[in-house]
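Listed here are the chains, written in short residue letters.
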Amino acid sequence: MSVRVIPLRAGACLNLAAITERGAPWRVQAYPAGFTLILHPTRGPVLFDTGYGAGVVAAMRRWPGLIYGLITPVQCGPHDSAREQLRVLGFPPDEVRHVIVSHLHADHVGGLRDFPHATFHLDRRAWDPLRALRGVRAVRRAYLPELLPDDFEDRCAWLNFKPGGDALDPFAEAADVFGDGLLRAVPLPGHAPGMVGLLAQEDAGLTVLAADAAWSVRAGREARPVHPLARVAFHDPAQEAASGAALRAFLHANPGARLHVSHDHPEDWP
Ligand SMILES: [Zn+2]
């Protein structure tokens, strides 16, 4: 048994290249808001994040979402949302029963409201520090509470982490999302609290979905520090550095694996 990973993008955000990688030019660049469609043999279409959606554009027209839009201008047209793209691919929104959420930044959860029958799988450590935040205090963490469905917490299935064993080294723990070994979440905290990546078992090998543990595939494979200014946005810079090192060590130990990060083009099989 295996899954099929289909990397997609729902909108983009504008950012200064120099902020995302030290030494890069000071010019504005569009970064795709990536999400992933995963075809699972028994669970149907599963999403890893959703990218932006119509709700994000609306939220940024109002205070305090306006601040988010000023810091990170968003491009997301009516046909760009995960919901519309899945519909075109032949998956009505009602058929999506599972969304695995890497972390709660607006560019990852902007489409959650579009999947009314989905269970949300995430690390409880991503939710607990944010759940009470509102207004400017929430926006400062790139968290826009109104993007979450009203029954969000009731629909959460907390990832159940267990010791990972030698094969997952250096990750000490993993959560086998459906208990079949096909999708295992691993902790990559630091960029945001409780962020997780996903190890997806495909026919051709392992695809590592590393969310925002790196801005680019290159930075995910080689240590490439971001600009010191970007560190201001990290929830926990020391934890972020440790997660980046763990990701690189895992990729080094698994040379057949390919890497996807949310804001870069997907990598081909090595
Ligand atoms: Zn993020």
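Fair warning: this is a prediction, and the values are worked out from it, not measured in the lab.

*Asks:* Looking at this structure, I do not really get the pattern of salt bridges. What am I missing?
*Replies:* Two side chains that carry opposite charge are able to pair once their charged atoms sit near each other. Applying the stated criterion to the full structure yields 11 salt bridges. Here Asp123 makes a salt bridge to Arg125, at a shortest N to O gap of 3.0 Å. The residue Glu202 makes a salt bridge to Arg258 at a minimum N-O spacing of 2.6 Å. Taken together, the positions of Glu202 in strand S11 (residues 196–202) and Arg258 in strand S13 (residues 258–260) put the pair 56 residues apart, joining distant regions of the chain.

*Asks:* So what exactly am I meant to see when it comes to helix H10 (residues 237–253) here?
*Replies:* In an α-helix there are 3.6 residues to a turn, and that puts residues three or four apart on one side. Its 17 residues place the ends of H10 24 Å apart at the C-alpha level, agreeing with the 24 Å of an ideal helix rising 1.5 Å per residue. Of all the positions in H10, only Glu240, Ser243, Gly244, Ala246, Leu247, Phe250 and Leu251 are classed as buried. Burial along H10 is one-sided: seen end-on, the buried residues are contained in an arc of 160°. For H10, the exposed residues set more than 90 degrees away from the buried face come down to Ala238, His252 and Ala253. For H10, the side-chain oxygen to backbone nitrogen distance between the N-cap and Ala238 is 3.2 Å, and the N-cap itself is Asp236.

*Asks:* What exactly am I supposed to notice about the coordination of the zinc ion here?
*Replies:* Coordination angles at a metal have ideal targets, namely 109.5 degrees for four tetrahedral donors and 90 or 180 degrees for six octahedral donors. Distances from the zinc ion to its protein donors, His103 (NE2), His105 (ND1), His191 (NE2) and Asp212 (OD), fall within 2.1 to 2.3 Å. Geometry at the zinc ion is irregular, judged from the 4 donor atoms that bind it and their angles of 89 to 173° at the metal. The motif formed by the donor residues of the zinc ion, counted along the single chain, is H-x1-H-x85-H-x20-D. Taken together, the residues span a long stretch of sequence, with His103 in the loop between strand S5 (98–100) and helix H5 (106–109) and His191 in the loop between strand S10 (183–187) and S11 at a distance of 88 residues. Judged by its relative accessible area of 1%, His103 is buried.

Rules behind the numbers
Residues numbered from 1 in each chain as written. Predicted model: local features only at pLDDT ≥ 70, side-chain atom pairs only at ≥ 80, totals over all residues. Heavy atoms only, no water. Salt bridge = Lys/Arg side-chain N within 4 Å of Asp/Glu carboxyl O. Helix = DSSP H or I, 4+ residues; strand = E, 2+ residues; numbered from the N terminus. Expected span 1.5 Å × (residues − 1). Buried < 20%, exposed > 50% of the residue type's maximum accessible area, 1.4 Å probe, protein only. Arc of directions from axis to C-beta. Polar contact = N/O pair within 3.5 Å; in protein donor to acceptor, adjacent residues only side chain to side chain. Donors = N, O, S within 2.8 Å, 3.2 Å for Na, K, Ca; no water. Tetrahedral: all angles 85-135°; square planar, octahedral: opposite > 155°, others 65-115°.

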